[in-house]
Amino acid sequence: MSPDKLRYQANQIATFFASQPESEQIEGVADHINKFWDPRMRTQLFEIADESTEGFKPMVVAALGKVRRPVGVGTAS
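Every value quoted in this text rests on a predicted model; they were computed, and no experiment measured them.

1. Brief notes about the overall build of the protein chain
Of the regular secondary structure elements, the protein chain holds four helices and zero strands. Across the protein chain, helices and strands are ordered from the amino to the carboxyl terminus as α-α-α-α. Taken over C-alpha atoms, the radius of gyration comes to 12 Å for the protein chain, in line with the 11 Å a tight globule of 77 residues would show. Seen along its three principal axes, the alpha-carbon backbone of the protein chain occupies a region of about 40 × 20 × 20 Å. Within the span of the protein chain, comprising 77 residues, buried residues form 39% of the whole. The long-range fraction of contacts in the protein chain, counting pairs at least 24 apart against all pairs at least 6 apart in sequence, stands at 68%. Carbon and sulfur atoms make up 52% of the accessible area of the protein chain, which amounts to about 4,900 Å² in all. For the protein chain, the centre of its 9 positive side-chain charges and the centre of its 10 negative side-chain charges are spaced 5 Å apart.

Rendered as structure tokens:
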């Protein structure tokens, strides 16, 4: 998937959860990504975000700490 499309999808999730109570927003974004994005998508999300979080909504960036990082992503070789 193109990085722009992946950013768009992550930001759309954040847009949806912006209408939820503030206490549930970040957890909601992370939970949705964990449940519905396959490991390849989450891998790509972290590859993009580890390089730069530019283009991601702040809620997505905040949720990254709660998203399950697939094994081997972001580890030293």
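Continuing now.
2. A word on the side chain of Asn 34
As for its position among the elements, Asn 34 is in helix H2 (residues 22-36). Those residues in contact with Asn 34 that lie beyond four places of it in its chain are Arg 42, Lys 66, Val 67 and Arg 68.

3. Description of the environment of Pro 58
Along the chain, the position of Pro 58 falls in helix H4 (residues 58-63). Placed 32 residues apart in sequence, Pro 58 and Ile 26 show a C-alpha to C-alpha distance of 9.6 Å.

4. Observations regarding the packing of aromatic side chains
A full pass over the atoms with the stated rule returns one aromatic pair. A ring pair is formed by Phe 16 and Phe 17, whose centres lie 4.9 Å apart and whose planes are at 90°; its orientation type is edge-to-face. Relative accessible area serves as the criterion here: at 48%, Phe 16 is assigned to the partly exposed category. The ring of Phe 56 has Arg 7 lying over it, and the distance from NZ or CZ to the ring centre is 5.6 Å.

5. What about the packing of helix H1 (residues 3-17) against helix H3 (residues 39-51)?
Across the interface, H1 lies against H3 with an axial gap of 10 Å and an inter-helix angle of 100°. Considering the angle they form, H1 stands roughly perpendicular to H3. Contacts between H1 and H3 pair Pro 3, Leu 6, Arg 7 and Gln 9 from the former with Met 41, Gln 44, Leu 45 and Ile 48 from the latter.

6. As for the pattern of salt bridges
Counted according to the given criterion, the structure contains five salt bridges. Across the pair Arg 7 and Asp 4 runs a salt bridge whose closest N-O atoms are separated by 3.2 Å. Linking Arg 7 with Asp 4, this pair stays in helix H1, spanning three residues, or about one helical turn. A salt bridge links Lys 35 to Asp 31, with the shortest nitrogen-to-oxygen separation between them at 3.3 Å. Here the residue Lys 35 and the residue Asp 31 both occupy positions in helix H2, the gap between them amounting to four residues, near one helical turn.

About the cut-offs
- Residues numbered from 1 in each chain as written.
- Predicted model: local features only at pLDDT ≥ 70, side-chain atom pairs only at ≥ 80, totals over all residues.
- Heavy atoms only, no water.
- Helix = DSSP H or I, 4+ residues; strand = E, 2+ residues; numbered from the N terminus.
- Rg over C-alpha atoms; globule rule 2.2 N^0.38 Å.
- Buried < 20%, exposed > 50% of the residue type's maximum accessible area, 1.4 Å probe, protein only.
- Contact = heavy atoms within 4.5 Å.
- Areas by Shrake-Rupley, 256 points an atom, 1.4 Å probe, with all protein chains shown as cover.
- Lys, Arg positive; Asp, Glu negative; His and termini not counted.
- Charge placed at Lys NZ, Arg CZ, Asp CG, Glu CD.
- Phe/Tyr/Trp six-rings, centres within 6.5 Å; stacked < 30°, edge-to-face > 60°.
- Lys NZ or Arg CZ within 6 Å of the ring centre and 35° of its normal.
- Axes fitted to C-alpha atoms, helices over the stretch in contact; angles between N-to-C directions.
- Parallel < 35°, antiparallel > 145°, perpendicular 65-115°, else oblique.
- Salt bridge = Lys/Arg side-chain N within 4 Å of Asp/Glu carboxyl O.

Nothing here speaks to function; it is all geometry.
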